[in-house]
Amino acid sequence: MKDDRAMNPNKFLFRQVYDHIVTRIERGEWKAHDKLPSIRLLAQEYHVHRLTAFRAFQILKQQGKAYVKEKSGYYVSPGCLLQVPSEQIKGRDGPFFSHMKNDLSEIQEISVDYQLSQALIDPNLLPNLFLSEYVKKVFDAYPKLIGTYSSVQGDSELREVLCRYLVNRHRFQISAREVLITTGATQAIHLLSSLYIKHMDAILVERPTYSAAI
């Protein structure tokens, strides 16, 4: 017998819309007695049919998370477990962070002699003496470096060097204005996610994967 979700993937969209509304209330976007968006606006925001948005509101009402004012719309119910105590937010506990739990991150927080869940080199294997001497040469050559900002795209000289490397090594034609220097992989993932990922998009990742990406 076929899975109903495989036969009709839109059948459970109302549940996804419901989850997003609850999450936004938990984040404090709407407080008790605040009016929620209309069915029409919600359907437009999440790119779903109005009946789907209506079904999500019905579940909110059934579970006591929202109430209806006749000819006015849906409002956030007072007293429901949607206002998260500050200590729970600080402690990353409770319903606010329940959907963000990452088993790999929890493993990495355990203090051990050898942490095999992270791709980190032993600091003792790094050429620390060479690096410290090289950093001193950089500051001698660029005395104002530590007290100034580079451009938003990153240091122009570094971008030029990277372009020459890509052209010579990989025959990849690119100019310095097309290169962006980030502070690390996490910032790069965040920027790409902000550009390409929308509400209710399905994201596939490997398991295990880079925990900060999750």
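Residue numbering note: each chain is counted from 1, following its sequence as written. Thresholds applied to this predicted model are a pLDDT of at least 70 for local features of residues and 80 or more for the giving and counting of side-chain atom pairs; totals over whole chains, interfaces and linings are not thresholded and use all residues. To obtain the side-chain values, all non-hydrogen atoms of the structure were included, while hydrogens and water were left out.

1. As for unusual backbone geometry
At step 1: For H47, which is not glycine, the phi torsion reads 55° and is therefore positive.
At step 2: Assignment of secondary structure puts H47 in the loop between helix 3 (39-46) and helix 4 (50-62).
At step 3: Among the residues examined, H47 registers a relative accessible area of 67% and is labelled exposed.
At step 4: Despite not being glycine, K71 has its phi angle at roughly 60°, a positive value.
At step 5: Tracing the sequence through the fold places K71 in the loop between strand 1 (66-69) and strand 2 (73-76). Strands are runs of DSSP state E lasting at least 2 residues, helices are runs of H or I lasting at least 4, and numbering of each runs from the N terminus. Type-normalised accessible area, obtained with a 1.4 Å probe on protein chains alone, sets the label of each residue: buried when under 20%, exposed when over 50%, and partly exposed for intermediate values.

2. So, the confidence of the model for the protein chain
At step 1: Confidence of the predictor at the level of single residues is given by pLDDT, which spans 0 to 100. Looking at the protein chain as a whole, its pLDDT mean stands at 79, while 82% of the residues score no less than 70.
At step 2: The lowest-confidence element of the protein chain is helix 1 (residues 4-7), averaging 39 in pLDDT; the highest-confidence one is helix 9 (residues 156-170), averaging 93.
At step 3: Any two residues whose heavy atoms approach within 4.5 Å are treated as being in contact. Taken together, the stretch residues 1-10 has pLDDT below 50 and engages in 3 contacts with residues farther than four places along the chain or on a different chain.
At step 4: Low pLDDT (under 50) marks residues 81-100, which in the prediction has 24 contacts with non-local residues, meaning those over four places away or in another chain.

3. Regarding the pattern of salt bridges
At step 1: For this analysis, a salt bridge means a side-chain nitrogen from Lys or Arg found within 4 Å of a carboxyl oxygen belonging to Asp or Glu. In total, this model carries 5 salt bridges according to the counting rule given.
At step 2: Two residues, R24 and E29, come together in a salt bridge whose shortest N-O distance is 2.9 Å.
At step 3: In this structure, K198 and D201 form a salt bridge, with 3.8 Å as the shortest nitrogen-oxygen distance.
At step 4: Owing to a relative accessible area of 33%, D201 belongs among the partly exposed residues under this scheme.

4. Quick word on a nonpolar patch on the surface
At step 1: Grouping into patches uses exposed residues only, defined as over 30% relative accessible area, and leaves out salt-bridged ones; the cut-off is 9 Å for like charges and 5 Å for nonpolar side chains (Val, Leu, Ile, Met, Phe, Trp, Tyr). The protein chains shown are the only cover counted for residues, whose accessible areas, like all others here, come from Shrake-Rupley with a 1.4 Å probe. Taken together, the side chains of L192, L195, Y196, I197, I203, V205 and I214 make up a nonpolar region of the molecular surface, amounting to roughly 780 Å² of accessible area.
At step 2: Within the fold, I197 resides in the segment after helix 10 (185-196).
At step 3: The exposure class assigned to I197 is partly exposed, which follows from its relative accessible area of 37%.

5. Here we look at the side chain of R159
At step 1: Here R159 is to be found in helix 9.
At step 2: For this count, His and the chain ends are skipped, Lys and Arg are scored as positive, and Asp and Glu as negative. Although buried, R159 forms no salt bridge, and the nearest oppositely charged side chain, E160, lies 6.7 Å from it.
At step 3: Non-local contacts of R159, meaning those with residues more than four positions away in its chain, are made with S151, Q153, G154, A176, R177, V179 and I181.

6. Details of the packing of helix 2 (residues 13-26) against helix 4
At step 1: Lines fitted to the C-alpha atoms define the axes, with helices restricted to the stretch that makes contact. Angles between their N-to-C directions range from 0 to 180 degrees. The contact between helix 2 and helix 4 brings their axes to 8 Å, and the two run at 55°. Relative to helix 4, helix 2 is oriented oblique. Pair helix 2 / helix 4 crosses with right-handed handedness. Touching L13, F14, R15, V17, Y18, I21 and V22 of helix 2 are T52, R55, A56, F57, I59 and L60, all from helix 4.
At step 2: Residue composition of the contact of helix 2 with helix 4, by class: 10 nonpolar, 1 polar and 2 charged. Comment on the angle field: the value is read as roughly parallel under 35 degrees, roughly antiparallel over 145, roughly perpendicular from 65 to 115, and oblique elsewhere. The sense of a crossing depends on the near helix, which, turned anticlockwise from the far helix by less than a right angle, makes the crossing left-handed and, turned clockwise, makes it right-handed. We call Asp, Glu, Lys and Arg charged. Ala, Val, Leu, Ile, Met, Phe, Trp, Tyr, Cys and Pro are nonpolar, and the rest, Gly among them, are polar.

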